[in-house]
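Listed here are the chains, written in short residue letters.
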Amino acid sequence: MNDSSWGAPQGAGYWGTPEMRAAPAGPAHDVHGAQQTRPMPNVPDVPDAGRDAQSRDDRDREAAHVSGPLFRDEKPQEPMSTPLPPPPQKKRAGRDLRAAIGVGVGLGAVIGVSLFIVKAAFIGVIVAAVVVGLWELTSRLQERKGIKAPLVPLAVGGAAMVVAGYARGPEGAWIAMALTALAVLVWRMTEPPDGYLKDVTAGVFAAFYVPFLATFVALMLTADDGSWRVLTFLILTVVSDTGAYAVGWRFGTHKLAPRISPGKTREGLFGAVAFAMVAGALCMEFLIDDGAWWQGLLLGLAVAASATLGDLGESMIKRDLGIKDMGTLLPGHGGIMDRLDSLLPTAPVVWLLLVLFVGSG
C-alpha cells in the first residue's frame, strides 16, 4: 500500500515541507510513526462567551418551538375540558297529533250522525270502510309479496256479508262468507295456475279478516238499543288504545312484544286495561239497558285484551310485508286498516259478551 492511498498532500502541507520529509528516518522521524501520531487540532479550553450565549438562545428557541405548535398556522391547544352532557330529549309522538285528532273528530262526527239518525246510513259507513280496507290489504299484498288476491269478488262479497248480517243475522253472514270464498276460488281460475294456491288463500283470509269480522258491528246494530251497543263498542276500543298510548308514552319502559311491535310496553297494556275497565263500567251502567257496572269491568278487560291482540296481529302482517302503514288515506293515522286493526277482532268479543249479559234484544 503506497502513501498516496492515505491522501498525502503534494508540497507543503499538513506534514511540512519536502526537506522535512527528506530527513533521515529514525524514531522521531519515522514516517509511519508520524502518520500514526498525527497531532489533533488545538481546541480552546474556555468557550467563547458570545457563541455560548448564542447557542443558549438557539436552544431556548428550539425548546419553545418544540413545546409550541408544530406549524406556523397551528393554534395552541387549549386545555381539554369535560364535555357537558346533552340535554335530555323530550318524548315525541311518532305521528302528527294535530292531523290525527282532526281526522278522529271528523270520523266521530260521521259515525255519530249516521248511527243515531238512520241506521241504514251507518251500514253504508261499515261497507265503505270494508271495501277501502280490502283495497289497501290486497294492494299491499301484491306490491310486497306478489300475491294477487282478487279484489272484485272480495269487495262485492264483503259488502254482501255486512248487509246480510244486518238483515238476516248470523246465519246470513255465514252464508255470505261461504259464497264469497267460493267466488274467490272461481274468479282466480281465469288466470294462469302459477300462484293459484297462495292467491286464493290470501283472498279467503282477507274475506274473513275484514268484512266477516266487521259484520259483528252490524249484528250489534240489530238490537233495540243497537246504536248504544255500537257506541259502547267504539268507546271502549278507542279508550283502550288511548290509555295504552298515554300510559306507555309516559311510563313505558318494559317492552311487551319487541319482536312484533317495539313501541308497545307492559305499562301501556296496564293503562289500556285500567282505562277500558273504567269506561266499560260507566257504559254498561248508563248506556246499555239492564246493564251492570261489574259487567262493564269484565267487558273492558276483554276489550283491552282483544284490541291489543288485534293491534299486534296487524303489526305482524305489516312486519312481514316490510311496511309501516297499510295506506295514507287518513293523515296522522295511516290507512283505514291502520284504524280497523283493533276494532275488527274486538267486534265479535263485544257482541258475544253483550248477548250473554243483556241478551240479543
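What follows is about the overall build of the protein chain. Across its full length, the protein chain carries 13 helices and two strands. Counting all 361 residues of the protein chain, 37% fall into the buried class. Relative to all contacts within the protein chain whose residues are 6 or more apart in sequence, the contacts with residues 24 or more apart total 70%. With the model as given, the accessible surface of the protein chain reaches about 22,400 Å², and the carbon-plus-sulfur share is 65%.

All right, on to the confidence of the model for the protein chain then. Per-residue pLDDT for the protein chain averages 82, and the proportion of residues at 70 or more is 73%. Here residues 1–40 is modelled with pLDDT under 50, and outside its nearest four sequence neighbours on either side it reaches 16 contacts, counting other chains as well.

Our next topic: the packing of helix H10 (residues 266–286) against helix H11 (residues 293–321). Axis angle and axis distance: for two packed helices, these are the angle between their axes and the distance between the axes, and together they describe the pair. Relative orientation of the contacting elements H10 and H11 amounts to 140 degrees, with a least axis distance of 6 Å. For the element pair H10 / H11, the angle class is oblique. Between H10 and H11 the crossing geometry is right-handed. Contacts between H10 and H11 pair Leu269, Ala272, Val273, Ala276, Met277, Gly280, Ala281, Met284 and Glu285 from the former with Trp293, Gln295, Gly296, Leu297, Leu299, Gly300, Leu301, Ala304 and Thr308 from the latter. Its residues assigned to classes, the contact of H10 with H11 comprises twelve nonpolar, five polar and one charged.

This part covers the pattern of salt bridges. A side chain of one charge can pair with a side chain of the opposite charge if their charged atoms are brought near each other. Applying the stated criterion across every chain, the model contains six salt bridges. Salt-bridge contacts for lysine 145 lead to aspartate 320; the nearest nitrogen and oxygen are separated by 3.2 Å. Separated by 175 residues along the polypeptide, lysine 145 in helix H5 (residues 119–145) and aspartate 320 in helix H11 bring together distant segments of the chain. The closest approach of N and O atoms between arginine 229 and aspartate 225, which form a salt bridge, is 2.9 Å. Here arginine 229 and aspartate 225 have matching classes, each one buried.

Reading the values: the criteria
Residues numbered from 1 in each chain as written. Predicted model: local features only at pLDDT ≥ 70, side-chain atom pairs only at ≥ 80, totals over all residues. Heavy atoms only, no water. Helix = DSSP H or I, 4+ residues; strand = E, 2+ residues; numbered from the N terminus. Buried < 20%, exposed > 50% of the residue type's maximum accessible area, 1.4 Å probe, protein only. Contact = heavy atoms within 4.5 Å. Areas by Shrake-Rupley, 256 points an atom, 1.4 Å probe, with all protein chains shown as cover. pLDDT = per-residue confidence, 0-100. Axes fitted to C-alpha atoms, helices over the stretch in contact; angles between N-to-C directions. Parallel < 35°, antiparallel > 145°, perpendicular 65-115°, else oblique. Left-handed = near helix turned anticlockwise from the far one by under 90°. Nonpolar A, V, L, I, M, F, W, Y, C, P; charged D, E, K, R; others polar. Salt bridge = Lys/Arg side-chain N within 4 Å of Asp/Glu carboxyl O.

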